Amino acid sequence: MSRSFCEIFDLTTDEIYQVFDLCKKMKKGEIDPRPLVNKSVACIFTKPSLRTRVSFEVGINQLGGHPVYITDNEIQLGKRESIADAAQVLSRYVGMIMIRTFAHSDVTSLAKYASVPVINGLTDLVHPCQVMGDYFTILEHKSKDIYKVAFLGDGNNVANSWLNLAARIPLDLRIGTSSETGPDKSILERAQRNRKSRILVTDDPQEAVKGADVIYTDVWASMGQKDKLSEKTVTLKKFQVNSSLLAGADREHLVMHCLPAERGREITDEVIDGPHSIVFDEAENRLHIQKAIMVFLLQQ
Ligand code: CP
Ligand code: NVA
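What counts, and at which threshold
- Residues numbered from 1 in each chain as written.
- Chains lettered and ligands numbered in written order.
- Predicted model: local features only at pLDDT ≥ 70, side-chain atom pairs only at ≥ 80, totals over all residues.
- Heavy atoms only, no water.
- Helix = DSSP H or I, 4+ residues; strand = E, 2+ residues; numbered from the N terminus.
- Rg over C-alpha atoms; globule rule 2.2 N^0.38 Å.
- Buried < 20%, exposed > 50% of the residue type's maximum accessible area, 1.4 Å probe, protein only.
- Contact = heavy atoms within 4.5 Å.
- Lys, Arg positive; Asp, Glu negative; His and termini not counted.
- Charge placed at Lys NZ, Arg CZ, Asp CG, Glu CD.
- Pairing = 2+ DSSP bridges.
- Axes fitted to C-alpha atoms, helices over the stretch in contact; angles between N-to-C directions.
- Arc of directions from axis to C-beta.
- Polar contact = N/O pair within 3.5 Å; in protein donor to acceptor, adjacent residues only side chain to side chain.
- Phe/Tyr/Trp six-rings, centres within 6.5 Å; stacked < 30°, edge-to-face > 60°.
- Lys NZ or Arg CZ within 6 Å of the ring centre and 35° of its normal.

## Comments concerning the overall build of the protein chain
Line of reasoning, step 1. Looking only at helices and strands, the protein chain has 13 helices and nine strands in total.
Line of reasoning, step 2. Since a compact globule built from 300 residues should have a radius of gyration of about 19 Å, the 19 Å found for the protein chain is in line with a globular shape.
Line of reasoning, step 3. Going through the 300 residues of the protein chain one by one, you find that 57% of them count as buried.
Line of reasoning, step 4. In the protein chain, once contacts between residues fewer than 6 apart in sequence are set aside, the share between residues at least 24 apart is 76%.
Line of reasoning, step 5. Side-chain charges of the protein chain comprise 37 positive and 39 negative groups, with the mean position of each set lying 3 Å from the other.

## Side note on the sheet that holds strand β9 (residues 254-257)
Backbone hydrogen bonds are what pair the strands of a sheet, in a parallel or an antiparallel way.
Line of reasoning, step 1. The five strands lie next to each other as β7-β6-β5-β8-β9, forming an open sheet whose pairing is parallel. Of all the strands in the sheet, the pair left with one neighbour each is β7 (198-202) and β9. When strand polarity is set aside, the average angle formed by the axes of neighbouring strands in this sheet is 15°.
Line of reasoning, step 2. As defined by bridge partners, strand β6 (residues 172-176) adjoins β7 across five bridges and the pair is classed as parallel. When the sheet's bridge partners are listed, Leu-173 is paired in β7 with Ile-199.
Line of reasoning, step 3. Along the sheet, helix α6 (residues 128-141) contacts β8 (214-217) and β9; its crossing angle with β9, the most-contacted strand, is approximately 160°.
Line of reasoning, step 4. Seen against the sheet, helix α13 (residues 279-299) touches β8 and β9 and runs at an angle of roughly 50° to β9.

## Describing the pairing of β8
Line of reasoning, step 1. With burial as the criterion, each face of β8 is covered, one bearing Val-214 and Tyr-216 and the other bearing Ile-215 and Thr-217.
Line of reasoning, step 2. Direction of pairing for strand β5 (residues 148-152) relative to β8: parallel, over a ladder of four bridges. What sits directly across from Leu-152, in β8, is Thr-217.
Line of reasoning, step 3. Relative to β9, β8 runs parallel, the two being bridged by four bridges. Paired with Val-214 across the bridge in β9 is Leu-254.

## Examining helix α4 (residues 83-93)
Line of reasoning, step 1. Here α4 has its buried residues at Ile-83, Ala-84, Ala-86, Ala-87, Leu-90 and Ser-91. End-on, the buried residues of α4 take up no more than an arc of 160°, which puts them together on one face. Residues of α4 that are exposed and angled more than 90 degrees away from the buried face: Arg-92 and Tyr-93.
Line of reasoning, step 2. On its buried side, α4 packs onto β1 (40-45), β2 (66-71), α3 (72-75), β3 (96-100) and α5 (104-113).

## Regarding the side chain of Asn-285
Line of reasoning, step 1. Relative to the elements of secondary structure, Asn-285 occurs in helix α13.
Line of reasoning, step 2. A polar side-chain atom of Asn-285 sits 2.9 Å from a polar atom in the side chain of Lys-27.
Line of reasoning, step 3. A polar side-chain atom of Asn-285 sits 2.9 Å from a polar atom in the side chain of Glu-140.
Line of reasoning, step 4. Once residues lying within four places of it in the same chain are set aside, the contact partners of Asn-285 are Lys-27, Gly-133, Phe-136, Thr-137 and Glu-140.

## Considerations on the packing of aromatic side chains
Line of reasoning, step 1. Applying the stated criterion to the full structure yields seven aromatic pairs.
Line of reasoning, step 2. Where Phe-20 meets Phe-136, the ring centres are 6.3 Å apart and the plane angle is 35°; that geometry is what we call tilted. In this pair, Phe-20 sits in helix α1 (residues 13-28) while Phe-136 sits in helix α6, placing the two residues 116 residues apart along the sequence. No difference in accessibility class separates Phe-20 from Phe-136, as the two residues are buried.
Line of reasoning, step 3. Connected via pairs of aromatic rings, a cluster forms that spans Tyr-17, Phe-20, Tyr-135, Phe-136 and Tyr-147.
Line of reasoning, step 4. A cation over a ring is seen here: Lys-47 above Phe-102, with NZ or CZ 4.7 Å from the ring centre.

This is the structure in structure tokens:
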């Protein structure tokens, strides 16, 4: 049975640190594993992407493998044939499957029926590679036992992945969002039940950022939900990451955004281009962390 990575919660705390350790060593060039030599990786995208597509393709090449880019035009997952059939067919050709799509259940079904590892490259529910790379980026920039992370804006797939990380790694996580845009209830409750982290969901942006080490935001309307943008722009207005809000954060705070950003909406130019911003280090680390995740899964 191969191991898949559908969400951060699939890994134990110890395994998450193993991935960070691998990532650090690979990024420094201390190790150069090539577990994908003579193997291909199916990269399925039913949503657009810059970072995920390019960093996976480059990372697969660096691990000795060959990426096969597949869009919904060809595969029509669950429509042209069942996900179970597609999973079993793909497993006969490739050593691994990476997928970005809408329904999270499509990814877990693919993982259930595939005999090779499946990696989630974003669903409507979670974006696990993103938040693994983000936490690794924080570790590179700041040394602390427990980071105070304030996520501001839509309680979306990225916010849900922060909650999944908080279920495994101690964090002081504050989610600043409106009552209508909160994170997934069952992911929130699971993270609270796990008692690893202090978790606060608040509709007061100042309370969320108070003394925070990291201020994180993302678009207010995710892919597939852009029709809600004008409504959410009204609801989430007070959660914009701008310099007046950041006055309440720790003096040495870091500013993060998974990108793509809608500059002037969830974050101002002044902040995203400012001295506290580490958004491009974050983007770079998608490459390193995904290589580490692939190596880790292939070792299981
Ligand atoms: N952050 C991220 O996943 O970017 P893409 O949508 O461009 O892949
Ligand atoms: N929440 C965003 C993240 C994009 C990387 C989306 O799902 O569109």
